[in-house]
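Chains, contacts and geometry: an overview
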Amino acid sequence: MSEPLIRVSGLKKNFGKLEVLKGIDESIFGGEVVVIIGPSGSGKSTFLRCLNLLEVPTAGQIWFDGVEITDRSEWKNGGLDAHRREMGMVFQHFNLFPHMDVLENIILSPVKVKGLPRAEAEDVARDLLEQVGLTDKIHAHPAQLSGGQKQRIAIVRALAMKPKVMLFDEPTSALDPEMVGEVLGVMKNLAGQGMTMAVVTHEMRFAREVGSRVLFMDDGIILEQGKPEELFNAPRNERTKEFLAKVM
Amino acid sequence: MNFSFLSKYWSYYLIGAKNTVLLALMAVVIGVMIGMVLAVARVGKNKFLSFLATAYVEFIRGTPLLVQLFIIYYGLQAIGIRFPDVPFMTGLLGINFADFMAGVITMGINSGAYVCEIFRSGVQSIDKGQSEAARSLGLSYPKTLMYIVIPQAIRNVLPTLGNEFVVVIKESSIVSIIGIADLMYKANTVRGNTFQPFEPLLVAAVVYFVLTFPLSKLLARIERRMRNHE
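Note that this is a predicted model, so its numbers are computed, not measured. (Residues numbered from 1 in each chain as written. Chains lettered and ligands numbered in written order. Predicted model: local features only at pLDDT ≥ 70, side-chain atom pairs only at ≥ 80, totals over all residues. Heavy atoms only, no water.)

Let us now look at the interface of chain B and chain A. Facing the 19 residues of chain B at the interface are 23 residues of chain A. Summing both partners gives a buried area of about 1800 Å² for chain B against chain A, and 60% of it is carried by carbon and sulfur. Taken together, the links from chain B to chain A amount to two salt bridges. We note a salt bridge from Asp81 of chain A to Arg135 of chain B, for which the minimum N-O separation is 3.2 Å. Between chain B and chain A we count eight residue pairs in polar contact (both at pLDDT 80 or more) in total. Ranked by residues supplied to the side of chain B that touches chain A, first place goes to helix H6 (residues 128–136) of chain B with seven residues. Looking at the side of chain B that touches chain A, its residues break down into seven nonpolar, six polar and six charged. (Contact = heavy atoms within 4.5 Å. Buried area = accessible area lost by both parts, 1.4 Å probe. Salt bridge = Lys/Arg side-chain N within 4 Å of Asp/Glu carboxyl O. Polar contact = N/O pair within 3.5 Å; in protein donor to acceptor, adjacent residues only side chain to side chain. Helix = DSSP H or I, 4+ residues; strand = E, 2+ residues; numbered from the N terminus. Nonpolar A, V, L, I, M, F, W, Y, C, P; charged D, E, K, R; others polar.)

All names here are of chain A. Between the first and last C-alpha of helix H4 (residues 118–131) there are 20 Å, a value that for 14 residues agrees with the 20 Å anticipated at 1.5 Å per step. Those residues of H4 that fall on the buried side of the exposure criterion are Ala121, Glu122, Val124, Ala125, Leu128 and Leu129. Buried residues in H4, looked at end-on, bunch into an arc of 160 degrees, giving them a common side. Facing away from the buried side of H4, by more than 90 degrees, are the exposed residues Ala119 and Glu130. Those residues of H4 that are buried lie in contact with helix H3 (102–112) and helix H5 (147–159). Looking one or two places after H4, you find Gly133, whose phi comes out positive at around 70 degrees. (Expected span 1.5 Å × (residues − 1). Buried < 20%, exposed > 50% of the residue type's maximum accessible area, 1.4 Å probe, protein only. Arc of directions from axis to C-beta.)

So, on to the sheet that holds strand S5 (residues 67–68) of chain A. All names here are of chain A. Pairing is antiparallel across the open sheet formed by four strands, whose spatial order is S2-S1-S4-S5. Here the strands that pair on one side only, and so sit at the sheet edges, are strand S2 (18–28) and S5. Here strand S1 (residues 6–15) pairs with S2 via eight bridges, running antiparallel. Bridge assignment links Phe15 to a residue of S2, and that residue is Leu18. The strands touched by helix H1 (residues 44–51) within the sheet are S1, S2 and strand S4 (59–64), with S1 carrying the most contacts at an inclination of about 120 degrees. (Pairing = 2+ DSSP bridges. Axes fitted to C-alpha atoms, helices over the stretch in contact; angles between N-to-C directions.)

Moving on, we come to the sheet that holds strand S7 (residues 165–169) of chain A. Residue and element names in this part refer to chain A. Spatially, the six strands line up as an open sheet ordered S6-S7-S8-S3-S9-S10, and their pairing is mixed. Strands with a single pairing partner mark the edges of an open sheet, and in this sheet they are strand S6 (87–90) and strand S10 (221–226). The mean inter-strand angle of the sheet, taken between neighbouring strand axes irrespective of direction, is 20 degrees. As judged from the four bridges shared by S6 and S7, these two strands associate in the parallel manner.

Residue and element names in this part refer to chain B. In contact at an axis separation of 7 Å, helix H1 (residues 6–43) and helix H8 (residues 183–194) are set at 160 degrees when each is read in the N-to-C sense. Here H1 lies roughly antiparallel to H8, going by the angle between them. Note that H1 runs across H8; the crossing there is right-handed. Mapping the contact onto sequence places Tyr9, Tyr12, Tyr13, Ile15, Gly16, Ala17 and Thr20 in H1 and Leu183, Lys186, Ala187, Thr189, Val190, Asn193 and Thr194 in H8. Looking at the contact of H1 with H8 residue by residue, the classes come out as eight nonpolar, five polar and one charged. (Parallel < 35°, antiparallel > 145°, perpendicular 65-115°, else oblique. Left-handed = near helix turned anticlockwise from the far one by under 90°.)

In total, this model carries two cavities of 30 Å³ or more according to the counting rule given. Approximately 80 Å³ is the volume attributed to the largest cavity. What lines the largest cavity is a set of 16 residues, among which Gly88, Met89 and Ala158 of chain A together with Ser136 and Leu137 of chain B lie closest to the centre. Contributions of two or more residues to the lining of the largest cavity are made by S6 and H5 of chain A together with H6 of chain B. Among the elements that take part in the lining of the largest cavity, S6 of chain A stands out by supplying four residues, more than any other. (1 Å grid on protein atoms, 1.4 Å probe; cavity = no way out; pocket = protein on both sides within 12 Å on 5 of 7 lines; lining within 4 Å. Points joined across faces, edges and corners; volume = space filled by probe spheres on them.)

Keep in mind these numbers describe shape, not what the thing actually does.
Laid out in structure tokens, this is it:
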């Protein structure tokens, strides 16, 4: 097999005395859609947030695109920011910037970080907005958008940086039920275009239909993993069975 | 009560009010500049700078304004620092510009500590998700502050900051003690000239109120409008 896009080795994370991640070894390959499921408090989100170092691991290493990003000597002179701009992240609570309109939200980072000319960044933004069906909201402010619209804009904002991987941290958990579909639809399209994705979610149907691999996390470790049909139809671990019985 | 002195002395109050507003304006500008620098130092990662900023704030808030005024007024002279006299300003104020600056600087230094706390609470009121989103897009820490945190924080603290201006207008009456011809000083002059100890003070209180009340009302309205826009 080829070199993985992200490789994690011996990843541990403590919050004070609480051990949230207890040693994770995992690889994510280009083009994969890895769906991470598990009960709340199992460390799914923390694992995802460690991947772009929003949480700094207590121990272990992470390689991204062949470079060890947990190497602190890499962090100086913007090394960390350089890695982060290649990893898009979508949050549960959208985190759009409320003092900017939709267009400004999207082009901020391409212009201020990548140094893209404004006109070019706007073209990229328009293109992406069309793909998610929100062209008419280009000058709206976040407060004027529904939850589903906000999340689609948040996805576009991350995509505008042309990342190599997209991290989704419970992207539909804060949405009203009728808006979940529109966001999952956008994510499904994205997967269809070959984007590498890591998705923490409670949407089992999405995991089953779109995921190329499903990881079941419990108590800070990856307890079981496999292709969606394997894991959902024939879970081997007792804890996995229990969890799936509750959520399916 | 006898207010007939007003027909002769009303212009004293006008000049005093003008000087008070001028002093408060300059002091708040200085205070905002000091406060911004202090706030960035206080919330920043550098422990030493953060300590210095905290020490400044605590010291200023823990000592009387009158003491600070005397330290600046006599202290600067003692160590040989003298503000250059600007004839234009002296003419405008009707008093020595160098003395006036001692008042402005004291009020500015004092206000800076309070403005720092206003900004700090403004920065801390911004949801952590905002800076996380910015960092995840590759923005550096300074750029995150500059484009995401500070603009939102300033919007949040604008009404409180305006209120600080109101506070400075009131507190600045203390500079009359070092002979700055502000509203309070002028009122005292009228008291001396008319041998009426009481009535001129009432007029001064009314003028202070006329200065601050519309401002407070305006700020309350701005605050309401901003909240409706959320």
